[in-house]
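Here's the letter readout for the chains.
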Amino acid sequence: MITAVVFDLDGVLVDSEERWDTARRDVVAAAGRPFPDHATRAMQGMSAPEWERYLHGELGVPDPPDRIGRAVVEVMAAGYRDDLPLLPGAVDAVTALAGSYRLAVASSANRVLIDLVLALAGVADRFAAVVSSEEVPRGKPAPDVYLEAATRLGVAPEACAAVEDSSNGLRSAHAAGMTVVAVPNAAYPPDDDALALAAAVVERVDAVTPEMVAGLR
C-alpha cells in the first residue's frame, strides 16, 4: 500500500530543464569551449558535484568545479526570483496529495534551489522531507536520492510512489523500488526503455491525484 509520494523537482514541479541547459552552456561558452550535443542529456540527473566535475573535466571549463557550480546556481536562483516557472497544476497536485500522503522531494537540483522553489511556490510546509542528490553519494540514475527520501520519511521505498520526468530519474526511482509515475518532459522526452519502467504515464502532474495514487500497484 502506498503511503508516501516523492516528487522530482525539475521537469515535474518547475519547467526548468531549458534554464539549466542555458546556464551551463553560457558557462562553457564563456570559457571558449564547445558544448557537444550529448552533454545536455548526459548531465540530466547528475548531482551538483557530478555535473560540476563534468563541466570542468569533460567540457574543459578551467575554473574549479565548486566555482563553476556557484556561478550556475546564482543564475538559476536569480531567474527563479524574477520568474518562477511552475508547471501547470504543480501546486494543485502537491496540495491535493498532501491531504492523503506524506510528501517528499528527491531532486538533482542543489538544496538551496529546491528550498527556494518550494518557498516561492508557497508549498514548503507540505513536504515532510527534502533531499538533494548533492547530499548522497551518487546522483540519478543511482537510487541513492530516492532511498534517502524514503528513510527521512520513515517509510519503506516500496510504500512510495515517485513522480518523474526524465530517463535517469525514472531509472533512479525504479531502482529504489518505488512505484513510478512518469510525467514525460516534452523538451527532453525519456527513452522508451526508461518510460517502460513507469506504472503510469500522465501528461500533467495534476493528473497525479490521491485517487490515482490509491489505484497504483
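Calculation notes
- Residues numbered from 1 in each chain as written.
- Predicted model: local features only at pLDDT ≥ 70, side-chain atom pairs only at ≥ 80, totals over all residues.
- Heavy atoms only, no water.
- Buried < 20%, exposed > 50% of the residue type's maximum accessible area, 1.4 Å probe, protein only.
- Helix = DSSP H or I, 4+ residues; strand = E, 2+ residues; numbered from the N terminus.
- Pairing = 2+ DSSP bridges.
- Axes fitted to C-alpha atoms, helices over the stretch in contact; angles between N-to-C directions.
- Parallel < 35°, antiparallel > 145°, perpendicular 65-115°, else oblique.
- Contact = heavy atoms within 4.5 Å.
- Nonpolar A, V, L, I, M, F, W, Y, C, P; charged D, E, K, R; others polar.
- 1 Å grid on protein atoms, 1.4 Å probe; cavity = no way out; pocket = protein on both sides within 12 Å on 5 of 7 lines; lining within 4 Å.
- Points joined across faces, edges and corners; volume = space filled by probe spheres on them.

Draft legend 1. Up close: the pairing of strand β5 (residues 179–182). The alternating pattern of β5 places T179 and V181 on one face and V180 and A182 on the opposite face, and all of these are buried. Two elements, strand β4 (residues 160–164) and β5, share 4 bridges in a ladder whose sense is parallel. Bridged to V163 within β5 is V181. Looking at chain direction, β5 and strand β6 (residues 200–201) are connected through 2 bridges and run parallel. Each bridged residue has a counterpart across the sheet, and for V181 the counterpart in β6 is A200.

Draft legend 2. Quick peek at the packing of helix α4 (residues 65–82) against helix α6 (residues 111–121). Interaxial distance between α4 and α6 falls to 10 Å at its minimum, and their mutual angle equals 0 degrees. In terms of orientation, α4 lies roughly parallel with respect to α6. Side by side, α4 and α6 meet where V73, M76, A77, Y80 and R81 of the first sit next to V112, L113, L116, V117 and L120 of the second. For the contact of α4 with α6, the class distribution of residues is 9 nonpolar, no polar and 1 charged.

Draft legend 3. Fine view of empty space enclosed by the protein. Counted under the stated rule, the structure contains 3 cavities of 30 Å³ or more. Of the voids in this model, the largest cavity is the one considered here, and its volume is about 170 Å³. Taken together, 15 residues line the largest cavity, and the ones lying closest to its centre are D10, E17, Q44, G45 and S108. At 3 residues, helix α1 (residues 17–30) tops the list of elements feeding residues into the lining of the largest cavity. Taken together, the residues of the lining of the largest cavity break down into 5 nonpolar, 4 polar and 6 charged.

Draft legend 4. Examining the sheet that holds β6 more closely. The strand order across the open sheet formed by 6 strands is β3-β2-β1-β4-β5-β6, and the pairing between neighbours is parallel. Either end of the sheet is taken by a strand with one partner, and the two such strands are β3 (129–132) and β6. As paired elements, strand β1 (residues 4–7) and strand β2 (residues 102–107) share 4 bridges and run parallel to each other. Among the inter-strand pairings, F7 is bridged to a residue of β2, identified as V105. Each of β2 and β3 touches α6; the most contacted strand, β3, lies at about 140 degrees to it. Along the sheet, helix α8 (residues 167–175) makes contact with β4 and β5, crossing β5 at roughly 160 degrees.

Don't take any of this as a statement about function, it's just geometry.
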